[in-house]
Amino acid sequence: MLLKRIKRLFKRRPVSPKEPETRPAPREDVRSAPRQRDSHLLMWESELRAIAAETSAWTIETGGDLFGRWQDTPTVYLATRAGPKAIRNTTHFRLDVDYLRQLSETLATDWSLRYFGDWHSHHRLGLIEPSSGDRRRIRGLCGRNQFASMAEIIVTVEDSRRDPIIRIHPWLYDLSGDQDAPTPLGIKVLRGLSPVRHALLASGTLPEQQFASWQEISCDRIRIGDDKSPPALEPPPAADATTRDKTLAQLARALEAASTEPIEQHKTGFGYIFVAKLREPHYLGFALSADWPMPVLEVHRLNRDTGTNEPLKLTAALAASDIPGILEIYRAANAAPNGAGHVDR
Ligand SMILES: [Zn+2]
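Residues numbered from 1 in each chain as written. Predicted model: local features only at pLDDT ≥ 70, side-chain atom pairs only at ≥ 80, totals over all residues.

### Examining the overall build of the protein
Here is step 1: Regarding its fold elements, the protein presents 7 helices and 17 strands.
Here is step 2: Buried residues in the protein amount to 40% of all 345 residues.
Here is step 3: Intrachain contacts of the protein at a sequence separation of at least 6 include 65% that bridge at least 24 residues. (Helix = DSSP H or I, 4+ residues; strand = E, 2+ residues; numbered from the N terminus. Buried ≥ 20, exposed ≤ 12 C-beta atoms within 10 Å, placed from the backbone. Contact = placed C-beta atoms within 7 Å.)

### Describing the pairing of strand S6 (residues 114-121)
Here is step 1: Buried residues dominate S6, accounting for 7 of its 8 residues.
Here is step 2: Pairing between strand S2 (residues 63-70) and S6: 6 bridges, direction antiparallel. Opposite Leu66, over in S6, you have Gly117 as the bridge partner.
Here is step 3: The pairing of S6 with strand S7 (residues 149-158) spans 3 bridges and is classified as parallel. Following the sheet pairing, Trp119 is matched in S7 by Ile153.
Here is step 4: Crossover S6 to S7 through helix H4 (residues 132-145) is right-handed. (Pairing = 2+ DSSP bridges. Right-handed = clockwise from strand over helix to strand, strands pointing away.)

### Here's the deal with the confidence of the model for the protein
Here is step 1: The pLDDT averaged across the protein works out to 86; a share of 85% of its residues lies at or above 70.
Here is step 2: Below a pLDDT of 50 lies the segment residues 15-38, which in the model reaches 38 contacts outside its immediate sequence neighbourhood of four places, other chains included.
Here is step 3: Contacts of residues 341-345 to residues separated by more than four positions or lying in other chains number 3 contacts, the stretch itself having pLDDT below 50. (pLDDT = per-residue confidence, 0-100.)

### Notes on the sheet that holds strand S16 (residues 296-303)
Here is step 1: If you walk across this open sheet you meet the 5 strands as S13-S14-S15-S16-S17, and the pairing is antiparallel. In the strand order of this sheet, the two ends are held by strand S13 (264-267) and strand S17 (308-311), each with one partner. The sheet shows a mean angle of 20° between the axes of neighbouring strands, taken without regard to direction.
Here is step 2: Packed onto the sheet, helix H6 (residues 241-259) meets S13 and strand S14 (271-277) and runs at close to 15° relative to S14. (Axes fitted to C-alpha atoms, helices over the stretch in contact; angles between N-to-C directions.)

### Some points on the nonpolar core
Soluble globular proteins: nonpolar side chains tend toward being buried together.
Here is step 1: Membership of the largest hydrophobic core comes to 77 residues, with the highest contact counts inside it found for Met43, Ile51, Val76, Ala151, Ile168 and Phe274.
Here is step 2: Two domains each put at least three residues into this core: domain 1 (2-18 + 242-342) and domain 2 (40-230).
Here is step 3: For Met43, the residues in contact, after removing those within four places along its chain, are Leu48, Val76, Ile187, Val189 and Leu190. (Core = buried A, V, L, I, M, F, W, Y, C linked by C-beta atoms within 7 Å. Domains from an automatic or database assignment.)

### Considerations on the environment of Ile153
Here is step 1: One can find Ile153 in strand S7.
Here is step 2: Judged by the 27 C-beta atoms lying within 10 Å of it, Ile153 is buried.
Here is step 3: Taking the C-alpha atoms as reference points, Ile153 and Trp119, separated by 34 residues in sequence, lie 4.4 Å from one another.

### Some words on helix H5 (residues 195-203)
Think of an α-helix as 3.6 residues a turn; residues three or four steps apart then line up on the same face.
Here is step 1: Burial of H5 is extensive: 9 of the 9 residues sit out of reach of the surface.
Here is step 2: For H5, every residue scored as buried is listed here: Pro195, Val196, Arg197, His198, Ala199, Leu200, Leu201, Ala202 and Ser203.
Here is step 3: Looking at the buried residues of H5, the elements they touch are helix H2 (45-56), strand S3 (74-79), helix H3 (97-111), H6 and helix H7 (323-335).
Here is step 4: At the exit of H5 stands Gly204, carrying a positive phi of roughly 75°.

Right under this line is the structure:
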C-alpha cells in the first residue's frame, strides 16, 4: 500500500516548490509567571543523568546549561556541558559565555529551545541553594533577557563512598512579582532519552557536547533533593509537534543543500514523503513514518519521464534525524544517476 502511494506521488511532477509543513512553534509567554508557586520542572532521564555524569567526572565545581520550552510546565529538553573556556575551581564555576551565546542561538533556531538558566555543582560548598553570587547572576540574566522566570539546578555530591550519590536541587526564580529569593522546585522525570538529545546525537552536530555521555551513570546514583531513593520515572509523552517539525525542517534543509533544489514534502497517512531531485528526470523519495523517531520506511528512485520506480535496499535503520545517513543515500543515488543497474563509468 505504501509502495502504491509512493508510486502515485512520484509520477506527479512538482508544480511549485512546496513550503515545509511546519507549524509555528507555540509562543512562549516570557512575561507570564508559572501558574503555581509549587510548580515543578519536567525533565528527561537522559538530562538528569547527563548532569550527574558530568558532575561525577569532576571533584571541583562544574556545570552547564538548561534549555527547554517554558509553557504550562517548564520542560528541560537539554542539559548541556560548559564550553571549552569555562573556569572550574573548588568553590567557583564560571561558564564560557561566548560558547553559551552561540549554543543558545543554535538551540533557539534549530529546536525552539530557550535558555532556562544554568546547572552547576557545589562539590565542596555542600550548599544546596544558589549562593548570593548565583542569585545575582541569574537575576541579571532575567533582566537582560526579559524573562519573568528562570530555573537553576544546584548539584551536591555525597562523596563518603566510592560511587558518590549525586543530589539534584532545582530552584525557580520568579521575577514577575516582588519575590526575590529563589524557591525550591519539584521535578518530574520522564523515562528515557530526550527527543532533542536523540536528534542531536543522530545528526552528529555539536560533537563537543558528547551527547552520549548521559549513559555513563545510572539513575541509582541520583537523588532529587533529600529523597532517600532514586527518582521515579514517568512514561514519556509522544514527541511534541515542535520537535517533529524542527527535525523535518532540518532534514529538508540538509537535502536541499545537497541537491541545490527545493524538496517536495507531502503529508500522508503513514507520515511524510520527501522527494529530492537527482539529475533530471530522476528523483529520490524518502517515506518517513509519523511515529517518533520518524524512521525511514522506504526509499525509492523515480524516473519521471518513464514513470518507473525502483525501491532502494536500505542497509541500516535510519530515522529522520539521521541526517548524515540520509545524505549518504542521496549522494550514492546521485552518483549512479540511472540507478544501481546502470552505473555510468
Ligand atoms: Zn553556586
